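So the chains spell out like this:
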Amino acid sequence: MKKLLCFGHRGAAGHAPENTLTSVETAIALGADWIEIDVYLVDGELVVFHDARLERTTNGQGYLEKQSLDYLRTLDAGEGERIPLLREVLEHVDHRVGINIELKGAHTAAATARQLDLYLSASGGNWEQFLISSFNHHELRLVKQLRPQLRTGVLIYCLPLDYARMAEALGAYSIHPSCEFLNRSLVIDAHQRGLKVFPYTVNDEETLAQMKALEVDGVFTDYPELISGVGRG
Ligand code: G3P
Ligand code: CA
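For clarity, every value in this text was computed on a predicted model and none was experimentally measured. (Residues numbered from 1 in each chain as written. Chains lettered and ligands numbered in written order. Predicted model: local features only at pLDDT ≥ 70, side-chain atom pairs only at ≥ 80, totals over all residues. Heavy atoms only, no water.)

1. With respect to the overall build of the protein chain
Logical step 1: Secondary structure assignment for the protein chain yields 9 helices and 9 strands.
Logical step 2: The C-alpha atoms of the protein chain give 17 Å as radius of gyration, which agrees with the globular expectation for 233 residues (17 Å, within 12%).
Logical step 3: In terms of principal-axis extent, the alpha carbons of the protein chain reach across some 45 × 45 × 35 Å.
Logical step 4: Per-residue burial over the protein chain gives 54% buried out of 233 residues.
Logical step 5: Of the side-chain charges in the protein chain, 22 are positive and 32 negative, and the distance between the mean point of each set is 5 Å. (Helix = DSSP H or I, 4+ residues; strand = E, 2+ residues; numbered from the N terminus. Rg over C-alpha atoms; globule rule 2.2 N^0.38 Å. Buried < 20%, exposed > 50% of the residue type's maximum accessible area, 1.4 Å probe, protein only. Lys, Arg positive; Asp, Glu negative; His and termini not counted. Charge placed at Lys NZ, Arg CZ, Asp CG, Glu CD.)

If you want it as structure tokens, here you go:
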């Protein structure tokens, strides 16, 4: 039976403040093969954060993209953690697992490509350690134009009429559908087009069994031990 890849969602968001270095480290300790993080561009730096606004996960206020980087770096992102920069996550992970960078904010494609150039030229490693995903398919198209060697994953919330056709047209590596809408037709169509299928977000045994029955290639989870079995006897 093929191995089901485990993507630690926002690190290990079920165990630690999401999208922080501790969350990332927890995911690795719990056996994640990949970690997933979200990025925005602020004052020329890629910052790791999920929401458009600051209130839910920090002690700050307002829209993240309207703040200065200096202000964002003063905030508590949970349990005393700072909002990390993408380059800090890259250095922290240090090639131990793959990194799925989800482009949330505007103009993040080019900045991410440049950041990975710098990181890979300084530290070695290869482009296949990275997977760039987004619900913004225009940003994904730009990623492939800028760095054809970089793998992309097309995030999908609902069930497209033409299934995985647009992901193939974008030259993507994978589709990342919501597990709510995923069905056998979409999995078969994606596989026939040579695409991997990585649904989000799988946080319980019942949903995991459904995803396995659909023969997906990996899943996103807030609880990496659910897939890896680490620490579960
Ligand atoms: O990449 C999978 C998942 O993270 C997409 O949804 O809202 O958690 O970023 P969201
Ligand atoms: Ca995400």
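Further notes follow.
2. Points about the site of ligand 1
Logical step 1: Neighbouring ligand 1 are the residues His9, Arg10, Glu36, Asp38, His50, Glu102, Lys104, Phe135, Leu155, Tyr200 and Phe220.
Logical step 2: The fraction of the free accessible surface of ligand 1 (290 Å²) that becomes covered by protein chains is 89%. (Near = heavy atom within 4 Å. Areas by Shrake-Rupley, 256 points an atom, 1.4 Å probe, with all protein chains shown as cover.)

3. Some words on the coordination of the calcium ion (ligand 2)
Logical step 1: Summarising the metal site, the calcium ion (ligand 2) is bound by the protein donors Glu36 (OE), Asp38 (OD) and Glu102 (OE), whose distances to it range over 2.1 to 2.2 Å.
Logical step 2: Within one chain, the residues donating to the calcium ion (ligand 2) are spaced in sequence as E-x1-D-x63-E. You can see aspartate 38 sitting in strand 2 (residues 34-42) and its partner glutamate 102 sitting in strand 4 (residues 98-103), a full 64 residues away along the chain.
Logical step 3: Since its relative accessible area comes to 0%, aspartate 38 is described here as buried.
Logical step 4: Residue class for glutamate 102 comes out buried when judged on its relative accessible area of 5%. (Donors = N, O, S within 2.8 Å, 3.2 Å for Na, K, Ca; no water.)

4. Considerations on the layout of surface pockets
Logical step 1: Quantified by volume, the largest pocket comes out at close to 220 Å³.
Logical step 2: Taken together, Met1, Lys2, Lys3, Leu4, Leu208, Lys212, Glu215, Val216, Leu226 and Ile227 make up the lining of the largest pocket.
Logical step 3: The set of elements that each furnish at least two residues to the lining of the largest pocket consists of helix 8 (205-213) and helix 9 (225-228).
Logical step 4: Residues belonging to the lining of the largest pocket are distributed by class as follows: 6 nonpolar, no polar and 4 charged. (1 Å grid on protein atoms, 1.4 Å probe; cavity = no way out; pocket = protein on both sides within 12 Å on 5 of 7 lines; lining within 4 Å. Points joined across faces, edges and corners; volume = space filled by probe spheres on them. Nonpolar A, V, L, I, M, F, W, Y, C, P; charged D, E, K, R; others polar.)

5. Things to note about empty space enclosed by the protein
It is the rolling of a water-molecule-sized probe over the atoms that shows where space remains empty.
Logical step 1: What the rule picks out here adds up to 2 cavities of 30 Å³ or more.
Logical step 2: By volume, the largest cavity is sized at about 50 Å³.
Logical step 3: Taken together, Glu18, Asn19, Val48, Phe49, His50, Thr57, Ala77 and Ile83 form the lining of the largest cavity.
Logical step 4: Considering only residue class, the lining of the largest cavity consists of 4 nonpolar, 3 polar and 1 charged.
Logical step 5: Estimates place the volume of the second largest cavity at around 40 Å³.
Logical step 6: Leu90, Val93, Asp94, His95, Val97, Ile99, Tyr119, Gln129 and Phe130 are the residues that line the second largest cavity.

6. Let's talk about unusual backbone geometry
Logical step 1: The omega torsion of the bond from tyrosine 200 to threonine 201 falls at -20°, within 30 degrees of zero and hence cis.
Logical step 2: Considering the arrangement of structural elements, one finds threonine 201 in the loop between strand 8 (196-197) and helix 8.
Logical step 3: Notably, asparagine 19 is not glycine yet its phi reads approximately 55°, a positive angle.
Logical step 4: Taking the relative accessible area as the measure of exposure, asparagine 19 reaches 3% and is therefore buried.
Logical step 5: Phi at aspartate 94 takes a positive value of approximately 50°, unusual for a residue other than glycine.
Logical step 6: Following the sequence through the fold, aspartate 94 ends up in the loop between helix 3 (86-93) and strand 4.

7. Section: a nonpolar patch on the surface
Logical step 1: There is a patch of nonpolar side chains on the surface, built from Phe135, Tyr157, Leu159 and Phe181 and spanning about 350 Å² of accessible area.
Logical step 2: Within the element layout of this structure, phenylalanine 181 appears in the loop between strand 7 (174-177) and helix 7 (184-192). (Patch = residues over 30% accessible without salt bridge, like charges linked within 9 Å, V, L, I, M, F, W, Y side chains within 5 Å. Salt bridge = Lys/Arg side-chain N within 4 Å of Asp/Glu carboxyl O.)

8. Describing helix 8
Owing to its 3.6 residues per turn, the α-helix aligns residues three or four sequence positions apart on the same side.
Logical step 1: By the burial criterion, the buried members of helix 8 are Thr207, Leu208 and Met211. All buried residues of helix 8 project into a common sector of 100° when viewed along the axis, lining one side.
Logical step 2: Here the buried face of helix 8 lies against strand 9 (218-221) and helix 9.
Logical step 3: N-capping of helix 8 is provided by aspartate 204, with a side-chain oxygen placed 3.1 Å from the backbone N of glutamate 206. (Arc of directions from axis to C-beta. Contact = heavy atoms within 4.5 Å. Polar contact = N/O pair within 3.5 Å; in protein donor to acceptor, adjacent residues only side chain to side chain.)

As far as function goes, none of this settles anything; it's purely spatial.
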